[in-house]
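# Observations on chain architecture
These are the residues of each chain, in order.
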Amino acid sequence: MARGRRLDMTDWLARYLLGPASVAHPRRAGRRANEAERERETALRSEFVRVRDASGRVYLVDRATAEATGATPVD
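Residues numbered from 1 in each chain as written. Predicted model: local features only at pLDDT ≥ 70, side-chain atom pairs only at ≥ 80, totals over all residues. Heavy atoms only, no water.

### Quick look at the overall build of the protein
Secondary structure assignment for the protein yields three helices and two strands. Taking 75 residues into account, the globule formula puts the C-alpha radius of gyration at 11 Å, and the protein, at 21 Å, lies well above it. In the protein, which comprises 75 residues, the proportion classed as buried is 7%. Counting only contacts in the protein whose residues sit at least 6 apart along the sequence, the fraction spanning at least 24 positions is 5%. Split by element, the accessible area of the protein, about 7300 Å² in all, is 53% carbon and sulfur. Here the protein holds 15 positive side-chain charges and 11 negative ones, and the gap between their average locations is 11 Å. (Helix = DSSP H or I, 4+ residues; strand = E, 2+ residues; numbered from the N terminus. Rg over C-alpha atoms; globule rule 2.2 N^0.38 Å. Buried < 20%, exposed > 50% of the residue type's maximum accessible area, 1.4 Å probe, protein only. Contact = heavy atoms within 4.5 Å. Areas by Shrake-Rupley, 256 points an atom, 1.4 Å probe, with all protein chains shown as cover. Lys, Arg positive; Asp, Glu negative; His and termini not counted. Charge placed at Lys NZ, Arg CZ, Asp CG, Glu CD.)

### Describing a nonpolar patch on the surface
On the surface, a nonpolar cluster with roughly 690 Å² of combined accessible area is contributed by Met9, Trp12, Leu13, Tyr16, Leu17 and Leu18. Inspection of the secondary structure assignment puts tyrosine 16 in helix 1 (residues 9-18). Owing to a relative accessible area of 54%, tyrosine 16 belongs among the exposed residues under this scheme. (Patch = residues over 30% accessible without salt bridge, like charges linked within 9 Å, V, L, I, M, F, W, Y side chains within 5 Å. Salt bridge = Lys/Arg side-chain N within 4 Å of Asp/Glu carboxyl O.)

### Some details on the pairing of strand 2 (residues 58-62)
By the bridge criterion, five bridges tie strand 1 (residues 48-52) to strand 2 in an arrangement that is antiparallel. Across the sheet, arginine 50 pairs through a bridge with leucine 60, a residue of strand 2. Connecting the antiparallel pair strand 1 and strand 2 is a turn made up of five residues, with glycine 56 showing a positive phi of about 100°. (Pairing = 2+ DSSP bridges.)

### Overview of the confidence of the model for the protein
This prediction gives the protein a mean pLDDT of 82; 91% of its residues lie at or above 70. When mean pLDDT is taken per element in the protein, helix 2 (residues 35-47) scores highest with 94 and helix 1 scores lowest with 77. (pLDDT = per-residue confidence, 0-100.)

### Examining the environment of glycine 30
With respect to the element layout, glycine 30 can be found in the loop between helix 1 and helix 2. Sequence spacing of glycine 30 and arginine 63 is 33 residues, and the spatial spacing of their C-alpha atoms is 31 Å.

### A look at helix 1
In terms of burial, helix 1 is largely open, as just one of its ten residues are buried. A positive phi of about 85° marks glycine 19, the residue just after helix 1.

### Things to note about the packing of aromatic side chains
For the structure on display, the rule yields zero aromatic pairs. Taking NZ or CZ as reference, arginine 57 lies 4.9 Å from the ring centre of tyrosine 59, over its face. (Phe/Tyr/Trp six-rings, centres within 6.5 Å; stacked < 30°, edge-to-face > 60°. Lys NZ or Arg CZ within 6 Å of the ring centre and 35° of its normal.)

Structure, rendered in structure tokens:
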């Protein structure tokens, strides 16, 4: 029988649920968005809207479809 490293529950949780560790200081502010990222955000917010379906799931649809179907936007 080949012996490998045994993954205990803590190791499994750390690897697969939590993901890689952050090396940045937790109170340090993140980087500011550049102009291209701000333009993309503005375009996405103007073209799409978040709506909630009957089961409570929130998803994005284009504004024309949301208005045509009478979907209620989520704030």
